[in-house]
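Reading the structure
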Protein chains: 2
Amino acid sequence: MQAAARAIAYAHDHQSKSLQSLQDFLRIPSISTLPEHEKDIQRAAQWAADRLKDLGFEKVQVVPTARHPVVLGQRTCDRPSAPTVLVYGHYDVQPVDPLDEWQSPPFEPTIRGENLYARGASDMKAQIVAFFSALEALAQTEGIPVNMKIMLEGEEEIGSPSLQAFLQDHRQELACDFCLNTDASILGPDTPALTYALRGLAYFEIHVYGPRSDLHSGLFGGVVDNPANVLSRLLGNMIDQNGRITLPGFYDPVRPLSPEERRALARLPQDENWWKERAGVERLGGEEGYTSTERATARPTLDVNGLYSGFIGQGSKTVLPARAMAKISMRLVPDQTPEQVKESLRQYLEENCPPTVRWELKDLTGCLPGMIDIQSAPVLAAKRALQSVWGVEPFFSRQGGSVPVVGMIQDLLGVQSLMLGFGLPDDNLHAPNEKQHLPTFYRGIDTYIHFLNAVAEGT
Amino acid sequence: MQAAARAIAYAHDHQSKSLQSLQDFLRIPSISTLPEHEKDIQRAAQWAADRLKDLGFEKVQVVPTARHPVVLGQRTCDRPSAPTVLVYGHYDVQPVDPLDEWQSPPFEPTIRGENLYARGASDMKAQIVAFFSALEALAQTEGIPVNMKIMLEGEEEIGSPSLQAFLQDHRQELACDFCLNTDASILGPDTPALTYALRGLAYFEIHVYGPRSDLHSGLFGGVVDNPANVLSRLLGNMIDQNGRITLPGFYDPVRPLSPEERRALARLPQDENWWKERAGVERLGGEEGYTSTERATARPTLDVNGLYSGFIGQGSKTVLPARAMAKISMRLVPDQTPEQVKESLRQYLEENCPPTVRWELKDLTGCLPGMIDIQSAPVLAAKRALQSVWGVEPFFSRQGGSVPVVGMIQDLLGVQSLMLGFGLPDDNLHAPNEKQHLPTFYRGIDTYIHFLNAVAEGT
């Protein structure tokens with residue numbers, strides 16, 4: 001595999017350039033959920049578009065949407081018979097609070113040990129830059145052996161609200177043989193892996209309204225139902241003592257795990273201690289009757305993501321609050337849908353909220369769970385590429401997180417997505433001190449080179 | 001009663017001066033819980049001290065404490081045999097959030113209809129100014145007929161943390177026959193009342209700690225117990241379906257209501273609709289087996305005053321938060337104590353918090369419930385004064401709120417406190433659009449004049 005060898009050598013010689021490029025990208029605070037970062041979102045999109053132009057992409061566009069733009073690029077290879085790969089990524093990042101828990105500023109990329117710390121390092125600017133570096137290495141040596149289409153969105157961290165319409169509008173332009181989704185991780189620095197299933201998401205706000213305005217808890221406590229007490233009770237009873245979610249009909253569409261799949265998941269190098277260490281907890285929690293890996297990747301969940309009511313400043317305000325709010329989200333598994341769990345939640349609130357207060361349910365975002373055929377050609381190419389770089393057979397795993405675009409691409413473009421990216425489970429995604437493991441980043445570049453060659457060769 | 005008639009006439013002629021004085025006092029944003037209002041606290045104390053000097057008080061001091069100063073004043077009357085009355089009040093006020101719900105700025109006193117709107121109007125600057133106006137009317141006519149001691153603290157709204165030590169240090173100076181506590185209300189513009197019992201208070205923060213730092217709820221949801229879910233469950237189960245508090249031993253020291261007392265409370269003009277209207281709710285809540293008035297004034301409570309966890313900004317952050325916090329407070333009735341209910345709460349947390357998270361309990365403030373002898377001379381003097389002004393017999397009621405100083409004064413000075421003040425139940429205490437009903441304010445001035453005369457005459 002001469003082509004790969006020359007491109008790999010080029011990549012190895014230019015690792016510091018790749019790192020430099022990643023650091024430049026990470027300095028742009030492209031937080032998609034906060035309106036005050038609008039300009040940074042634009043800068044990040046333009047940065048990625050400029051890189052694609054450098055790489056010889058023919059049609060590079062920063063396409064506006066209702067909120068944040070999509071970066072599109074296209075590059076045709078010499079062989080007309082070559083397959084067409086659509087690469088998906090996102091250039092937006094999560095907010096950074098609590099800021100005071102960061103050891104170095106989130107948008108000043110800082111190397112400590114083998115890691116580069118910055119918001120968006122692992123999720124997922126390093127994956128985009130790794131793929132760009134692989135393309136550069138191929139372009140500068142043997143040539144890029146497949147037709148490339150690249151689509152980078154700026155709304156992944158807020159649930160990709162514009163993407164569905166965008167895919168509908170650009171169906172023809174995005175036609176491809178399959179999608180390579182680079183928003184992914186492996187299991188550990190020495191345990192390469194491919195993800196064949198993703199959990200879906202349904203994210204809600206629940207508001208509970210009580211008295212017209214805040215009341216004195218001394219004068220009215222005892223005779224007026226407190227929205228914060230009521231909300232706590234509603235949330236608290238959504239999960240029972242065995243870790244089972246109590247919303248009516250919630251589990252009805254859940255595909256049971258087959259004994260074969262449970263055996264395969266049990267082979268993953270993820271025992272209880274592995275999960276404890278990565279989560280930073282002394283004891284794990286969750287649903288009875290399932291292993292830690294199953295709980296975290298193959299079973300649905302219900303988490304409170306935010307809670308607010310009353311007075312949360314310093315001191316003791318004796319207020320009976322007029323309202324209380326919770327953000328809650330559920331991770332879904334096949335064949336659950338955001339609509340179905342919303343109905344479960346609605347029914348639960350209707351049955352359990354006392355008539356002394358009023359509730360309101362808002363759905364903020366959601367996406368379907370996804371599963372990919374593990375015997376497909378792209379999966380086999382990726383398996384071969386990972387084995388070439390790591391020298392060991394990769395694991396096949398499910399992923400607990402959600403990638404809404406996977407379901408949308410399957411729906412609208414009619415192709416499956418392969419998840420291949422080089423984050424690690426302890427990268428502090430969405431949390432303070434997010435990082436990218438640099439040796440894994442460099443191996444990622446090599447893997448993408450091997451992968452594109454394997455795809456071109458038809459494995 | 002010639003003396004009262006002349007003083008009353010003076011008070012009536014000078015109502016606009018009293019109103020002006022109240023407005024000046026209300027313009028000082030003396031919020032005791034927020035460190036940024038330190039200077040305003042000092043200004044409010046100095047304002048009150050200057051008024052006492054104007055009224056001919058001999059010893060006027062602004063005495064520093066660990067946090068906010070106490071204003072002290074003393075005025076000896078001509079008759080050496082006259083009783084000595086200690087008057088208690090507080091010049092500090094509650095915070096103003098949510099600010100956007102105020103119809104006029106909280107520190108720009110604004111008259112709409114018969115009411116004056118401002119933070120601290122009813123609680124309790126109007127009561128202080130009404131008493132000052134009564135003193136002025138007496139001083140300018142017949143003379144003040146009793147020995148006066150005045151003590152105004154600046155920490156009532158944060159639980160009077162310095163007052164215990166202050167009372168201990170100033171025991172001799174504050175010696176008196178009884179205490180007149182002006183931090184009080186009547187039942188309605190046409191229903192004068194005297195309060196014979198107050199609820200106590202115990203205010204806590206509960207913190208629940210989970211993973212070392214915030215986690216991605218997709219990657220770890222299902223396998224890591226979520227502190228916000230756990231806190232919700234803990235809070236939600238503290239009150240059962242019948243509105244009973246479930247903390248072990250919580251009700252053990254509660255004095256049952258006698259049939260006589262229940263009959264007396266039932267005579268109060270406070271039916272369910274009265275409570276609904278004042279609270280601004282369509283349905284009342286609370287403990288089964290008790291009337292609304294009993295629930296609000298004679299039974300203990302547990303209210304969530306503040307809730308915080310995770311991401312509460314705009315949008316959908318998929319975070320599994322590292323911690324969650326609740327502020328909760330309980331209103332206590334005889335013979336509960338803050339220590340006893342803290343032990344109940346501690347035991348509850350110990351028994352119910354799962355070992356997957358860590359909890360911490362902080363007590364912020366607390367005070368004993370109080371009850372006053374309704375056959376004592378000051379109570380009878382107040383009854384007579386109220387009847388003189390309103391022309392009807394006043395009601396005797398319990399109050400749901402807490403006045404920590406009442407228990408402390410009983411403990412340290414050995415005297416009972418009489419609650420006599422002229423707020424109304426719909427004054428929006430501790431809430432946006434706090435107000436003072438001005439006709440009641442003016443009647444309050446008259447009542448204090450009659451009261452001091454009645455006290456001097458030994459009823």
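Report on the accompanying structure. (Residues numbered from 1 in each chain as written. Chains lettered and ligands numbered in written order. Predicted model: local features only at pLDDT ≥ 70, side-chain atom pairs only at ≥ 80, totals over all residues.)

Before going further, it helps to spend a moment on helix 12 (residues 377–390) of chain B. Residue and element names in this part refer to chain B. Helix length check: helix 12, at 14 residues, gives a terminal C-alpha distance of 20 Å against a target of 20 Å (1.5 Å per residue), a fit within 8%. Where helix 12 is concerned, the buried positions are Pro378, Val379, Ala381, Ala382, Lys383, Ala385, Leu386 and Val389. Those residues of helix 12 hidden inside the fold are in contact with strand 7 (178–181), strand 8 (193–198), strand 17 (417–419) and helix 14 (438–456). Of the residues one or two after helix 12, Gly391 is the one with positive phi, at around 75°. (Helix = DSSP H or I, 4+ residues; strand = E, 2+ residues; numbered from the N terminus. Expected span 1.5 Å × (residues − 1). Buried ≥ 20, exposed ≤ 12 C-beta atoms within 10 Å, placed from the backbone. Contact = placed C-beta atoms within 7 Å.)

Glancing now at the sheet that holds strand 11 (residues 301–310) of chain B. If you trace the 8 strands from one edge of the open sheet to the other, you get 14(A)-9(A)-13(A)-11(A)-11(B)-13(B)-9(B)-14(B), paired in antiparallel fashion. Only two strands of the sheet have a single partner each, and these edge strands are strand 14 (358–367) of chain A together with strand 14 (358–367) of chain B. Between one strand axis and the next, the sheet turns by 20° as a mean value, whatever way the strands run. As paired strands, strand 11 (residues 301–310) of chain A and strand 13 (residues 323–332) of chain A are joined by 8 bridges and run antiparallel to one another. Within strand 13 of chain A, the residue paired with Tyr308 of chain A across the bridge is Met325 of chain A. Along the sheet, helix 11 (residues 338–352) of chain B makes contact with strand 9 (200–209), strand 13 (323–332) and strand 14 of chain B, crossing strand 14 of chain B at roughly 165°. (Pairing = 2+ DSSP bridges. Axes fitted to C-alpha atoms, helices over the stretch in contact; angles between N-to-C directions.)

Mapping chain B onto chain A calls for a screw motion: a turn of 180° about the axis and a shift of 0.0 Å along it, with 0.0 Å RMSD after fitting. Here the two chains are linked by the operation of a two-fold rotation axis. Interface residue correspondence from chain B to chain A reaches 100%, placing this contact among same-surface, isologous pairings. (Least-squares fit on C-alpha atoms with pLDDT ≥ 70 in both.)

Now for the packing of helix 12 (residues 377–390) of chain A against helix 14 (residues 438–456) of chain A. Packed helices, taken two at a time, are described by their axes: the angle between them and the distance between them. Residues and elements named next belong to chain A. Where helix 12 contacts helix 14, the two axes come as close as 8 Å, and the packing angle between them is 135°. In this view, helix 12 runs oblique relative to helix 14, as classed from their interaxial angle. At the point where helix 12 passes helix 14, the crossing takes the right-handed sense. Contacts between helix 12 and helix 14 pair Pro378, Ala381, Ala382, Arg384, Ala385, Leu386, Ser388 and Val389 from the former with Arg443, Asp446, Thr447, His450, Phe451, Ala454 and Val455 from the latter. (Parallel < 35°, antiparallel > 145°, perpendicular 65-115°, else oblique. Left-handed = near helix turned anticlockwise from the far one by under 90°.)

Think of interface size as the accessible area that goes away when the parts come together; that is how it is often given. Each partner contributes residues to the interface: chain B has 81 residues there, and chain A has 81 residues. Ranked by residues supplied to the side of chain B that touches chain A, first place goes to strand 11 of chain B with 9 residues. Across the side of chain B that touches chain A, the residue classes break down as 31 nonpolar, 36 polar and 14 charged. Relative to strand 11 of chain B, strand 11 of chain A runs antiparallel, the two sharing 5 bridges. Residue pairing for strand 11 of chain B: Gly310 of chain A is matched across the bridge by Gly306 of chain B. (Nonpolar A, V, L, I, M, F, W, Y, C, P; charged D, E, K, R; others polar.)

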